[in-house]
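# Fold and contact review
Single-letter residue listing:
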Amino acid sequence: MAAASMLCVQLGLAASVGLFDDIGPEGAACLRLTWAGVLALAIVRPRRRTYSLAALRGGVALGVVTAGMTMLFMAAVDQLPLGTAVALEFLGPLGIAVLRGRGIGAGWPLLAACGVLLLTQPWQGDVSSDGVAYALGAGSCWAAYIVLTQHVGDAVSGIKGLAISMPVAAAVSCCVAGPSLASHVTPELAAAGLGLAILLPVVPFALEMLALQRLDAGAFGTLMALEPAFAAGVGLVALGQVPGLPAALGGACVVSAGIAAARAGARRPQVALESVSR
């Protein structure tokens, strides 16, 4: 599930870049999140009695963090190469892996970090300081997103938490980018935003919520190191970008660390609690 999520994320990012010229990175993020909020409500059809007060609070917090992560990363990608942005953002999940990965030890996160550096080689080329700040901010939000997604996923079964977090994320993004976006949206852009919302974030966020019901946060944080490897694969297939030897070695490192983390960090079977039975 986590692997499928990462593939959707990379494909969605590649497709979203095409909207930057029309509505900018913040507008692209807002359009996707707005449609995602609508889709989450339509698919889940939430009922108030299904959620405890703690689940509602966690869902609202997750929505705010989701909006921050999405919009900050879009801003980073607008100013940095995708590989550099992903490498910097990955510091968030890596921090979760180191702090909370009791079963996986420190070796696998460190191997994953080395792999990310080899894959992205962020030391090459000029780096925008604003872009770096955006990427680090997105990484902080990503770390909080992992913890909150697991919390919400444990509080309600399946993907019901998305019915809270996605509309909240949509509302936050509209407050930030909605006024400037409204005058630029055309029917064609709205349709494109709907398709992108399914690819990113609806499908990957749903898969991640389900995955975090089976993996602990530390293992999931390390498993996210596979994302730069997916980015390299998408670049190879879609853009004809052939990785050099360092990138190939980096891919091997993160794949090995991700597999080890997934095996060592599996959670004990448990049933997500519901506040009130149907």
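Right above here is the structure, for reference.
Residues numbered from 1 in each chain as written. Predicted model: local features only at pLDDT ≥ 70, side-chain atom pairs only at ≥ 80, totals over all residues. Heavy atoms only, no water.

It is worth spelling out the packing of helix 3 (residues 53–79) against helix 7 (residues 129–155) at this point. Viewed as axis vectors pointing N to C, helix 3 and helix 7 meet at an angle of 155°, and their least axial separation amounts to 7 Å. The orientation of helix 3 relative to helix 7 falls into the category roughly antiparallel. Crossing of helix 3 against helix 7: the hand is left-handed. A per-class count over the contact of helix 3 with helix 7 returns 20 nonpolar, nine polar and one charged. (Axes fitted to C-alpha atoms, helices over the stretch in contact; angles between N-to-C directions. Helix = DSSP H or I, 4+ residues; strand = E, 2+ residues; numbered from the N terminus. Parallel < 35°, antiparallel > 145°, perpendicular 65-115°, else oblique. Left-handed = near helix turned anticlockwise from the far one by under 90°. Nonpolar A, V, L, I, M, F, W, Y, C, P; charged D, E, K, R; others polar.)

Attention now moves to a negative patch on the surface. A contiguous patch of negative charge, built from Asp21, Asp22, Glu26 and Asp78, is present on the exposed surface. Examined against the element boundaries, Glu26 turns out to sit in helix 2 (residues 20–44). (Patch = residues over 30% accessible without salt bridge, like charges linked within 9 Å, V, L, I, M, F, W, Y side chains within 5 Å. Areas by Shrake-Rupley, 256 points an atom, 1.4 Å probe, with all protein chains shown as cover. Salt bridge = Lys/Arg side-chain N within 4 Å of Asp/Glu carboxyl O. Lys, Arg positive; Asp, Glu negative; His and termini not counted. Charge placed at Lys NZ, Arg CZ, Asp CG, Glu CD.)

Another point: the environment of Val44. Within the fold, Val44 resides in helix 2. Sequence separation of Val44 and Leu162 is 118 residues, and the distance between their C-alpha atoms is 7.9 Å. Non-local contacts of Val44, meaning those with residues more than four positions away in its chain, are made with Tyr51, Ile159, Lys160 and Ala163. (Contact = heavy atoms within 4.5 Å.)

Note that Thr149 resides in helix 7. Residue classification places Thr149 among the buried residues on the basis of a relative accessible area of 1%. A distance of 2.7 Å separates the side chain of Thr149 from the backbone oxygen of Tyr145, its partner in a polar contact. Excluding residues that lie within four positions of it along the chain, Thr149 makes contacts with Leu62, Glu208, Met209 and Leu212. (Buried < 20%, exposed > 50% of the residue type's maximum accessible area, 1.4 Å probe, protein only. Polar contact = N/O pair within 3.5 Å; in protein donor to acceptor, adjacent residues only side chain to side chain.)

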